[in-house]
Every structure is written in structure tokens, then in C-alpha cells.
Amino acid sequence: MTISTSSMTALNTFPTPHPEDTWQGSNKAEQAVERRLDVILSTLDGAKADNIAIIDLRGRASFAETMVIATALSGRHMGALARHLERALKEECALSASAEGSDSSDWTLLDTGDIVIHLFSPEGRTTYGLERMWNSALDVADAEEVVIPKAGR
């Protein structure tokens with residue numbers, strides 16, 4: 001598989017598995033996730049998604065291991081990207097994933113279980129700022145204290 005690295009950003013590197021984690025069952029599960037990620041990235045790249053980002057969520061979120069974020073050029077393009085992803089995942093991974101959102105929205109979500117895919121309009125991507133929220137630089141230990149004023153003050 002050839003992916004254009006100019007249109008893709010890996011926000012976090014995937015950690016090297018611990019030797020104890022490489023037992024047969026875990027290895028097969030990891031291979032399945034890697035296969036799904038390959039299908040997702042090649043489909044997005046082939047369908048001309050822009051600014052593809054991959055965020056490693058392992059150890060940081062319970063809802064998925066990986067987040068993929070991509071920008072669609074228009075509402076019609078976003079709908080086509082979602083349909084291409086649904087078809088590719090079904091045909092190549094025997095996985096059913098349905099898109100949440102419409103062609104006219106700023107955001108479409110596909111959940112494959114271990115991988116969550118966010119498709120945004122350029123404006124929606126800026127508004128929601130998922131990369132900023134999930135960037136590895138955002139560490140709870142390093143975060144500044146946020147003071148919320150009480151109502152009526």
C-alpha cells in the first residue's frame with residue numbers, strides 16, 4: 001500500500017508492544033486492527049481526503065485505540081468518503097460500520113470499534129479541534145488549572 005505522506009500526519013507514535021503482550025490472541029487482534037487501519041488510510045487517500053491525521057488513543061481513552069481524522073472538500077465529498085469507507089471495510093475486513101451525520105453537516109463519524117473515523121469540512125475541523133484536544137502534548141499532569149467562576153459573580 002502506498003499512502004501519500006504529504007497529506008497524512010501521525011500525531012502520536014504507536015508504542016512498541018511489551019514482550020508479555022505478544023501472545024497469540026493479542027497478536028491476532030493487533031493485526032486485525034492494523035489491517036483495518038491500512039484499509040481506512042488507503043481508502044481515504046484514494047478518495048482524495050485531505051490532511052489525514054492518526055491519533056493513538058491507547059491508554060488514553062476507553063472508546064477506541066485509534067482515531068483517524070480527515071478533511072473532505074465538500075458535503076458531497078464527505079458523503080462519498082463515508083460510503084467508500086463503509087464499502088471497503090465491509091468488503092476487505094468483513095466489518096459493518098455505518099456513518100453518523102449527513103452530507104450537509106460539518107462532521108461525519110464512523111465507528112469500527114477499535115478505530116473511530118472523523119470526517120470534517122475544513123470549517124468543522126477547525127471548530128471542533130480534535131487534534132488539539134487529543135494531542136499527546138495535552139497531559140493532565142501538565143495541564144494548567146482551569147478556574148470556573150460561580151454563577152452570580
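The structure contained in this document is the topic of the report that follows.

Each value, and the rule that gives it
Residues numbered from 1 in each chain as written. Predicted model: local features only at pLDDT ≥ 70, side-chain atom pairs only at ≥ 80, totals over all residues. Heavy atoms only, no water. Helix = DSSP H or I, 4+ residues; strand = E, 2+ residues; numbered from the N terminus. Buried < 20%, exposed > 50% of the residue type's maximum accessible area, 1.4 Å probe, protein only. Contact = heavy atoms within 4.5 Å. Phe/Tyr/Trp six-rings, centres within 6.5 Å; stacked < 30°, edge-to-face > 60°. Expected span 1.5 Å × (residues − 1). Core = buried A, V, L, I, M, F, W, Y, C linked by side-chain atoms within 4.5 Å. Pairing = 2+ DSSP bridges.

**Re the overall build of the protein**
At step 1: From N to C terminus, the protein includes 4 helices and 6 strands.
At step 2: Element order for the protein, N to C, with α for helix and β for strand: β-α-β-β-α-β-β-β-α-α.
At step 3: The buried share of the protein, taken over its 153 residues, is 37%.
At step 4: Counting only contacts in the protein whose residues sit at least 6 apart along the sequence, the fraction spanning at least 24 positions is 63%.

**Re the packing of aromatic side chains**
At step 1: Tallying each qualifying case throughout the model produces 4 aromatic pairs.
At step 2: In this structure an aromatic cluster arises from ring pairing among Trp107, Phe120 and Tyr128.

**Thoughts on unusual backbone geometry**
At step 1: One non-glycine residue, Asn51, adopts positive backbone phi at about 50°.
At step 2: Structurally, Asn51 can be placed in strand 2 (residues 50-56).
At step 3: Here Asn51 falls in the partly exposed class, since its relative accessible area comes to 36%.
At step 4: Backbone geometry places Ala94, a non-glycine residue, at a positive phi of 50°.
At step 5: Looking at where Ala94 falls in the secondary structure, it is placed in the loop between helix 2 (75-93) and strand 4 (99-100).
At step 6: Given a relative accessible area of 72%, Ala94 falls into the exposed group.

**Some thoughts on helix 2**
At step 1: Over its 19 residues, helix 2 runs 26 Å from end to end, which matches the ideal 27 Å to within 8%, given 1.5 Å per residue.
At step 2: Within the sequence span of helix 2, burial applies to His77, Met78, Gly79, Leu81, Ala82, Leu85, Ala88 and Leu89.
At step 3: Downstream of helix 2 by a residue or two, Ala94 has a phi angle that is positive, lying close to 50°.

**A look at the nonpolar core**
At step 1: Counting residues in each nonpolar core, the largest one holds 25 residues, and the members touching the most others are Ile40, Leu44, Val68, Ile117 and Leu119.
At step 2: Listing elements by their share of this core, those giving two or more residues are helix 1 (24-46), strand 2, strand 3 (66-71), helix 2 and strand 6 (115-120).
At step 3: Once residues within four sequence positions are removed from consideration, Ile40 is found in contact with Val68, Leu85, Leu89, Thr112, Ile115 and Ile117.
At step 4: Residues Ala64, Val116, Leu130 and Trp134 belong to the second largest nonpolar core, which totals 10 residues.

**Considerations on the pairing of strand 2**
At step 1: Counting buried positions along strand 2 yields 5 of 7 residues, so the element is predominantly enclosed.
At step 2: Inspection of the sheet shows strand 2 paired to strand 3 by 5 bridges, in the antiparallel sense. Residue pairing for strand 3: Asp56 is matched across the bridge by Thr66.

**Details of the pairing of strand 5 (residues 107-111)**
At step 1: Because side chains alternate across strand 5, one face comprises the buried residues Thr108 and Leu110, and the other comprises Trp107, Leu109 and Asp111, none of which is buried.
At step 2: With 5 bridges joining them, strand 5 and strand 6 adopt antiparallel strand pairing. Residue pairing across strands places Leu109 opposite His118, the latter belonging to strand 6.
At step 3: Taken together, strand 5 and the strand that follows it, strand 6, pair antiparallel across an intervening segment of 3 residues, in which Gly113 is found at a positive phi of about 100°.

**Here's the deal with the environment of Ala97**
At step 1: As for its position among the elements, Ala97 is in the loop between helix 2 and strand 4.
At step 2: The sequence separation of Ala97 and Thr112 amounts to 15 residues, and the corresponding C-alpha distance is 5.6 Å.
At step 3: When sequence neighbours within four positions are dropped, the list of residues in contact with Ala97 reads Glu86, Leu89, Leu110, Asp111 and Thr112.

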